[in-house]
Amino acid sequence: MSDRSASSRFFPSLPAFSVSALRTWLRSFRPGRMRINGRERLRIVLGALAGVLLAAWASRTMAGELGAAAWMVAPLGASAVLVFAVPASPLAQPWSVIGGNTLSALVGIACVNLVGDPVLAAGLAVGGAIVVMLSLRCLHPPGGAAALTAVLAQAVDYRFALFPVLTNSALLIMVGLAYNSLTGRRYPHAQAKPVPGSGSRFTAADLDAALAHYNQVLDISPDDLESLLHQAEAAAYRRSLGELRCRDIMTREPFSAAQDMSLKEAWALMRQHRIKALPVVDRARGVVGIVTVADFMRQLEMDRPEGWGGRLRALVGFAPAGGGRPRIISQIMTRQVRVVSASRYVIELIPMFADGGHHHIP
């Protein structure tokens, strides 16, 4: 049955495209795949188990000594998911966990003391906790649960935020620091800038502009997002270029110049064949330099009254010139030349062209 007939039969007052739109909307609820292997899943499970177990054991022991009635809060379970499943997330960092849970609990206790109606106190506690966490850069989703827990438990003593909330959170972080490090996860996850020279077509400023336009909280730091985008772009280059090597695309018999070739000859050769660079070789055909149009331009005296065309003609010998002006290639060539072998992968040259300012590589 077509979408049009289905629409007419079941939703006669709706336009024909409504069923398709409804299906698309329903598909948006389908959860995406978690792209992690079984080993990483096991690492997460064991970490959360160890973190909550050790925090619970230590907290219960301390509760007996302190005479406290409560020794653990439920939001710690949600904190454990973040600390061990997504240790790179800004929401899972030590300050986010400890500050988010503890400060939110304080907000919840304040609402219990100041607001008589538990319903109103619950709403104010969660909203106030989010305000505090955003302001102090410790946004932590379980913090909202910590604020709500304080209201539901009718906690009026501010020491509740210190024990069990702060104590639970600190113990969990201690286990997280040890376990994540032992299992190869950087924690705390210091934000490292991507390595320069990636050859990417976008910069950190471009990413900042995109994030400002997006204007939503992301569960990934801008630095990590930039690094992922660079890696994705590099993977795309590798996929498109595949096994392509320099020998597959290079000019095999390039025009070249001897070191004693005159500037007039070199310029005429470049003009005749419409090339912008000449490798300079010795008698054994070894590359000793390279001359480009830019090298010719650098020799021009830009403050002279005649136009650059006249200065260029004087430089290459088509017009009279003053003494001391260079006459042969070796006098203007660039001697430090980046060279690559014919067997090198083309993908490896992208940073040289993009970041090194190179346009021709012998």
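Structure: see above.
Predicted model, so just to flag it, every value in this text is computed and none were measured.

**Q** I tried to follow the pairing of strand 2 (residues 277–281) on my own but got confused; where do I start?
**A** Residues in a regular strand point their side chains to alternate faces of the sheet. For strand 2, the buried fraction is high: 5 of the 5 residues fall into the buried class. With burial as the criterion, each face of strand 2 is covered, one bearing Ala277, Pro279 and Val281 and the other bearing Leu278 and Val280. Bridge count between strand 1 (residues 257–258) and strand 2: 2 bridges; the pairing is parallel. Considered in strand 2, the bridge of Ala257 is made with Val280. Here 5 bridges tie strand 2 to strand 3 (residues 287–292), and the two strands are oriented antiparallel to one another. Considered in strand 3, the bridge of Val281 is made with Val287.

**Q** Would you explain the packing of aromatic side chains in this entry?
**A** The description of two aromatic rings rests on the distance between their centres and on the angle between their planes. As enumerated under the stated definition, the model contains 2 aromatic pairs in all. Taken together, a centroid distance of 4.9 Å and an interplanar angle of 85° make the contact between Trp25 and Phe29 edge-to-face. Ring plane angle 75° and centroid distance 5.8 Å describe the contact between Phe84 and Tyr179, whose orientation is recorded as edge-to-face. Linking Phe84 in helix 4 (residues 75–85) with Tyr179 in helix 8 (residues 159–182), this pair joins segments that are 95 residues apart in sequence. The same class applies to Phe84 as to Tyr179, namely buried.

**Q** Any chance you could explain the pattern of salt bridges here in plain terms?
**A** In a structure, side chains of opposite charge can pair up when their charged atoms sit close to one another. In the structure shown here, the tally under the stated rule is 3 salt bridges. A salt bridge links Glu40 to Arg43, with the shortest nitrogen-to-oxygen separation between them at 3.0 Å. Of this pair, Glu40 and Arg43 both sit in helix 3 (residues 38–66), separated by 3 residues, roughly a single helical turn. For the pair Glu40 and Arg43, a shared accessibility class is recorded, and that class is buried. A relative accessible area of 12% means that Glu40 is categorised as buried. Among the charged side chains, a network of salt bridges with common partners joins Glu40, Arg43 and Arg185.

**Q** Please explain the nonpolar core as it appears in this structure.
**A** The tendency in soluble globular proteins is for nonpolar side chains to be buried side by side. Counting residues in hydrophobic clusters, the biggest one holds 14 residues, and the most contacted among them are Ala266, Leu278, Val291, Phe296 and Ile329. Mapped by element, the contributors of at least two residues to this core are helix 12 (263–273) and strand 2. The element best represented in this core is helix 12, accounting for 5 residues. Sequence-distant contacts of Ile329, that is, excluding residues within four places in its chain, are made with Ala257, Ala258, Gln259, Met261, Ser262, Leu263, Ala266, Val280 and Val291. Counting residues in each nonpolar core, the second largest holds 13 residues, with Ala55, Phe84, Leu171 and Ile173 among its members.

**Q** Would you take a moment to explain the packing of helix 4 against helix 8 for this structure?
**A** Packed helices, taken two at a time, are described by their axes: the angle between them and the distance between them. One way to put it is that helix 4 packs onto helix 8 with a least axis distance of 10 Å and a crossing angle of 20°. With respect to each other, helix 4 and helix 8 are oriented roughly parallel. At the point where helix 4 passes helix 8, the crossing takes the right-handed sense. Between helix 4, through Leu76, Ser79, Ala80, Val83 and Phe84, and helix 8, the contact on the second element is made entirely by Asn168, Ser169, Leu172, Ile173, Val175, Gly176, Tyr179 and Asn180. Residue composition of the contact of helix 4 with helix 8, by class: 8 nonpolar, 5 polar and no charged.

**Q** I'm lost on the sheet that holds strand 1 in this one. Help?
**A** Taken in spatial order, the 3 strands line up as 1-2-3 in an open sheet, and their pairing is mixed. Edge positions in the open sheet fall to strand 1 and strand 3, since each of these has one partner strand only. Against the sheet, helix 12 contacts strand 2 and strand 3, and its axis sits at roughly 135° relative to strand 2.

Rules of the game
- Residues numbered from 1 in each chain as written.
- Predicted model: local features only at pLDDT ≥ 70, side-chain atom pairs only at ≥ 80, totals over all residues.
- Heavy atoms only, no water.
- Buried < 20%, exposed > 50% of the residue type's maximum accessible area, 1.4 Å probe, protein only.
- Helix = DSSP H or I, 4+ residues; strand = E, 2+ residues; numbered from the N terminus.
- Pairing = 2+ DSSP bridges.
- Phe/Tyr/Trp six-rings, centres within 6.5 Å; stacked < 30°, edge-to-face > 60°.
- Salt bridge = Lys/Arg side-chain N within 4 Å of Asp/Glu carboxyl O.
- Core = buried A, V, L, I, M, F, W, Y, C linked by side-chain atoms within 4.5 Å.
- Contact = heavy atoms within 4.5 Å.
- Axes fitted to C-alpha atoms, helices over the stretch in contact; angles between N-to-C directions.
- Parallel < 35°, antiparallel > 145°, perpendicular 65-115°, else oblique.
- Left-handed = near helix turned anticlockwise from the far one by under 90°.
- Nonpolar A, V, L, I, M, F, W, Y, C, P; charged D, E, K, R; others polar.

By themselves, these figures tell us nothing about what the structure is for.
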